[in-house]
Amino acid sequence: LAKTTQPISMDSYEGQEVNITCSHNNIATNDYITWYQQFPSQGPRFIIQGYKTKVTNEVASLFIPADRKSSTLSLPRVSLSDTAVYYCPVEAAGNKLTFGGGTRVLVKP
Amino acid sequence: GAVVSQHPSWVICKSGTSVKIECRSLDFQATTMFWYRQFPKQSLMLMATSNEGSKATYEQGVEKDKFLINHASLTLSTLTVTSAHPEDSSFYICSARDGTARAQHFGDGTRLSIL
């Protein structure tokens, strides 16, 4: 299974853009990249998913370079409620997800 | 959107008892569901893959006789922690993939505390 590496934590302020990069050097050809958000005592919540280039939805953008060995989640204009842990597991054969350590994002007022 | 429901959300029980946790896909059918365990300040760790109508597949190091999984229907998987001990205290989370999409949907987890 592909392993992922992310920064352990990031601090930001309300209204700023937050970019979190995930390395997944061993990603397989058919693997998609999905980002999840997790609040304390809750299950992860889907944010965005992509295979290559750029994907944008109403809450985030996902940038994936041509070699697909990394991806960057971009959260525009964060608010206090975006304080959470963000994960970028890679889905492999059998739809299994392997979670790395995640990135703890703290948004300050 | 697709919803996965877990029950109970929180349980406290005495050491030696067995605890059953339910995971339901509410608006889609799931031939496969996944069970994770998460300790405080740590990431999710996959325990097993629950397969409808067949035996579960356990990850290395997870005791299948300790964590019994049953997936009797396309919308329900159960995880039973047998003869639970304090070291089994953790946050247990299930997930399922809606066949029409690639993303997995997670339940809100079950906080298990063994006294």
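Residues numbered from 1 in each chain as written. Chains lettered and ligands numbered in written order. Predicted model: local features only at pLDDT ≥ 70, side-chain atom pairs only at ≥ 80, totals over all residues. Heavy atoms only, no water.

A.B. asks: Mind showing me how you'd approach the pattern of salt bridges here?
C.D. replies: Pairs can form between side chains of opposite charge whenever their charged atoms are close. Tallied over the entire structure, the rule returns 4 salt bridges over all chains. Linking Lys 108 of chain A and Asp 11 of chain A is a salt bridge whose minimum nitrogen-to-oxygen distance equals 3.3 Å. One end of the pair, Lys 108 of chain A, is in strand S11 (residues 103-108); the other, Asp 11 of chain A, is in strand S1 (residues 9-13), with 97 residues separating them in the sequence. Overall, the relative accessible area of 29% leaves Lys 108 of chain A in the partly exposed class. For Lys 96 of chain A, the salt bridge is made with Glu 59 of chain B, and the minimal N-O distance between the two is 2.7 Å. (Salt bridge = Lys/Arg side-chain N within 4 Å of Asp/Glu carboxyl O. Helix = DSSP H or I, 4+ residues; strand = E, 2+ residues; numbered from the N terminus. Buried < 20%, exposed > 50% of the residue type's maximum accessible area, 1.4 Å probe, protein only.)

A.B. asks: Sorry if this is basic, but what is going on with the sheet that holds strand S2 (residues 18-23) of chain A here?
C.D. replies: Working definition: the strands of a sheet are paired by backbone hydrogen bonds and lie parallel or antiparallel to each other. All names here are of chain A. One open sheet holds the 4 strands; their spatial order is S2-S7-S6-S5, and the pairing between them is antiparallel. At either margin of the open sheet sits one strand with a lone partner, and together these are S2 and strand S5 (53-56). Between one strand axis and the next, the sheet turns by 15° as a mean value, whatever way the strands run. (Pairing = 2+ DSSP bridges. Axes fitted to C-alpha atoms, helices over the stretch in contact; angles between N-to-C directions.)

A.B. asks: I tried to follow unusual backbone geometry on my own but got confused; where do I start?
C.D. replies: All names here are of chain B. Each neighbour pair has its own omega, and for His 7 with Pro 8 the value is 0°, a cis peptide bond. Mapped onto the secondary structure, Pro 8 falls in the loop between strand S1 (4-7) and strand S2 (10-13). Its identity is not glycine, yet Lys 41 carries a phi of approximately 65°, on the positive side. Note on placement: Lys 41 falls in the loop between strand S4 (32-38) and strand S5 (45-51). Relative accessible area serves as the criterion here: at 73%, Lys 41 is assigned to the exposed category.

A.B. asks: Sorry if this is basic, but what is going on with the state of the cysteines here?
C.D. replies: Here the structure, examined in full by the defined rule, presents 2 disulfides over all chains. Between Cys 22 of chain A and Cys 88 of chain A runs a disulfide, and the two sulfur atoms are separated by 1.9 Å. Judged by the sign of its S-S torsion, about 75°, the bond between Cys 22 of chain A and Cys 88 of chain A is right-handed. Here the residue Cys 22 of chain A occupies a position in strand S2, and Cys 88 of chain A occupies one in the loop between strand S8 (84-87) and strand S9 (90-91), the gap between them amounting to 66 residues. A disulfide bridge connects Cys 23 of chain B with Cys 94 of chain B, and the sulfur atoms are separated by 2.0 Å. When the S-S torsion is 80°, as for the bridge of Cys 23 of chain B with Cys 94 of chain B, the disulfide is right-handed. With Cys 23 of chain B in strand S3 (residues 19-25) and Cys 94 of chain B in strand S9 (residues 90-97), this residue pair connects regions lying 71 residues apart in the sequence. Of the cysteine sulfurs around Cys 13 of chain B, a residue in no disulfide, the closest is that of Cys 94 of chain B, at 18 Å. For Cys 13 of chain B, a relative accessible area of 14% puts it in the buried group. (Disulfide = S-S within 2.5 Å.)

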